[in-house]
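Topology and contacts: notes
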Amino acid sequence: MDFHVMTLFPEMVSQGLSTSILGRAMSKNLISLECINIRDYSADQKHHKVDDYTYGGGAGMLMQAQPVYDCYKSLESRIDSSHTKRVIYVTPQGKVFNQQLAAEFAQADDLIFLCGHYEGIDERVLEEIVTDYVSIGDYVLTGGELPAMVMIDTISRLVPGVLNNDISAETESFTDGLLEYPQYSRPEEWMGKKVPPILLSGDHKKVDEWRLQMSLERTKERRPELYEAWMAAHPPKPPKKR
Ligand code: ADE
């Protein structure tokens, strides 16, 4: 998986994503991350300006079409034409990102993230290059870099080999539409609280049943809308006729 980020703050993204699990995945060539400074494509040789006032008036500046388009064309020319790619504009006006969308994006060879600043980007260049408009939630950040980083982190975990243990990506929260069950490590008793005895029983069937029950209870309490959706998709089986 090759990630490309078009941004005015490339260091923010490259430094933020180069440690820990993603740093290791990059050194193993499982993923790559290229951060491109849109300002380098400004036609304004002197001040490298990339923004201007909006037509029709209103507060704030808008990123202009030309530097964004030239940055994109340069990047596109370096990507193998046989590769599948998506161009994602991170914006609060997009579809809300979730685990399912992450899994869909993880199928592409190349993902290009376009990060806006100021009041946004000239609509005409968006129409020209963007394939997906994506938000990370119903709140507004100062720029698209943090949302792009959130998405890159989430998608990278789904790339085979990035997590040491692929099973953990399958059983965790959201993959099956439920929140994950509670987990415990040593010691067996801490601050007077004991690990649930069933987890020490060695009976894997019982442990699985208990975990599903805990997932259901936790989801019902913390995310009732997810619980309702899961219950609708898993109606209780009618009792067997004798
Ligand atoms: N840019 C600013 N706020 C955002 C959000 N919530 N999601 C994606 N991009 C954004």
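Structure's up top.
Read on for an overview of the structure.

Rules of the game
Each residue is numbered by its place in its chain's sequence as written, counting from 1. Side-chain atom pairs in this predicted model are given and counted only at pLDDT of 80 or more, local residue features only at pLDDT of at least 70, and totals for whole chains, interfaces and linings cover all residues. Secondary structure elements follow DSSP: runs of H or I of four or more residues count as helices, runs of E of two or more count as strands, with numbering from the N terminus. The atom set for the radius of gyration is the C-alpha atoms, and the globule formula is 2.2 Å times the number of residues raised to the power 0.38. To assign burial, the other C-beta atoms lying within 10 Å of each residue's own C-beta are counted, with C-beta atoms placed from the backbone; 20 or more indicates buried, 12 or fewer indicates exposed, and intermediate counts indicate partly exposed. By definition, residue pairs are in contact when their C-beta atoms, positioned from the backbone, come within 7 Å. Note on pairing: two strands pair once DSSP finds at least 2 bridges between them. Each axis is a line fitted through C-alpha atoms, taken for helices only over the stretch in contact, and angles between the N-to-C directions span 0 to 180 degrees. Using a C-beta atom placed from the backbone for every residue, we mark a residue as near a molecule or strand if that atom lies within 6 Å of it. Residue classes follow a fixed rule: Ala, Val, Leu, Ile, Met, Phe, Trp, Tyr, Cys and Pro count as nonpolar, while Asp, Glu, Lys and Arg count as charged, and any other residue, Gly among them, counts as polar.

Attention now goes to the overall build of the protein chain. Looking only at helices and strands, one finds nine helices and nine strands in the protein chain. In terms of overall size, the protein chain is more extended than a compact globule, its C-alpha atoms giving a radius of gyration of 23 Å where 242 residues would be expected to give roughly 18 Å. If you line up the protein chain on its principal axes, its C-alpha atoms span 80 × 45 × 40 Å. Counting every position in the protein chain, which comprises 242 residues, the buried fraction comes to 24%. For the protein chain, long-range pairs separated by at least 24 residues make up 75% of all intrachain contacts whose partners lie at least 6 apart in sequence.

Attention now goes to the environment of Ile79. Note that Ile79 resides in the loop between α3 (65-78) and β5 (85-96). The spacing of Ile79 and Leu101 is 22 residues in sequence and 23 Å in space, taken between C-alpha atoms. Setting aside residues up to four positions removed in sequence, Ile79 forms contacts with Lys85 and Asp110.

Attention now goes to the sheet that holds strand β7 (residues 132-135). Strand order in this open sheet of five strands is β2-β1-β6-β5-β7, and the pairing throughout is parallel. A strand with exactly one partner marks an edge of an open sheet, and here the two such strands are β2 (32-37) and β7. Each adjacent strand pair in this sheet contributes to an overall mean axis angle of 30 degrees, direction not counted. Pairing of strand β1 (residues 2-7) with strand β6 (residues 110-115) involves five bridges; the strand directions are parallel.

Omega for the bond connecting Arg186 with Pro187 falls within 30 degrees of zero, at 5 degrees, which places this linkage in the cis form. Mapped onto the elements, Pro187 comes out in the loop between α7 (166-171) and β8 (189-190). Even without being a glycine, Ser20 presents a positive backbone phi close to 55 degrees. Structurally, the position occupied by Ser20 is in helix α2 (residues 20-27). A residue is classified by how many C-beta atoms lie within 10 Å of it, and Ser20, with 9 of them, is exposed. Of note in the backbone geometry, Met191 takes a positive phi value of approximately 50 degrees without being a glycine. Along the chain, Met191 turns up in the loop between β8 and β9 (193-194). The class for Met191 is exposed, based on 4 C-beta atoms found within 10 Å.

Taken together, the residues surrounding the ligand are Val90, Thr91, Pro92, Ser135, Ile136, Gly137, Tyr139, Val140, Leu141, Gly144 and Pro147. For the shell around the ligand, the element with the most residues is β5, which contributes three residues. Broken down by class, the residue content of the shell around the ligand amounts to seven nonpolar, four polar and no charged.

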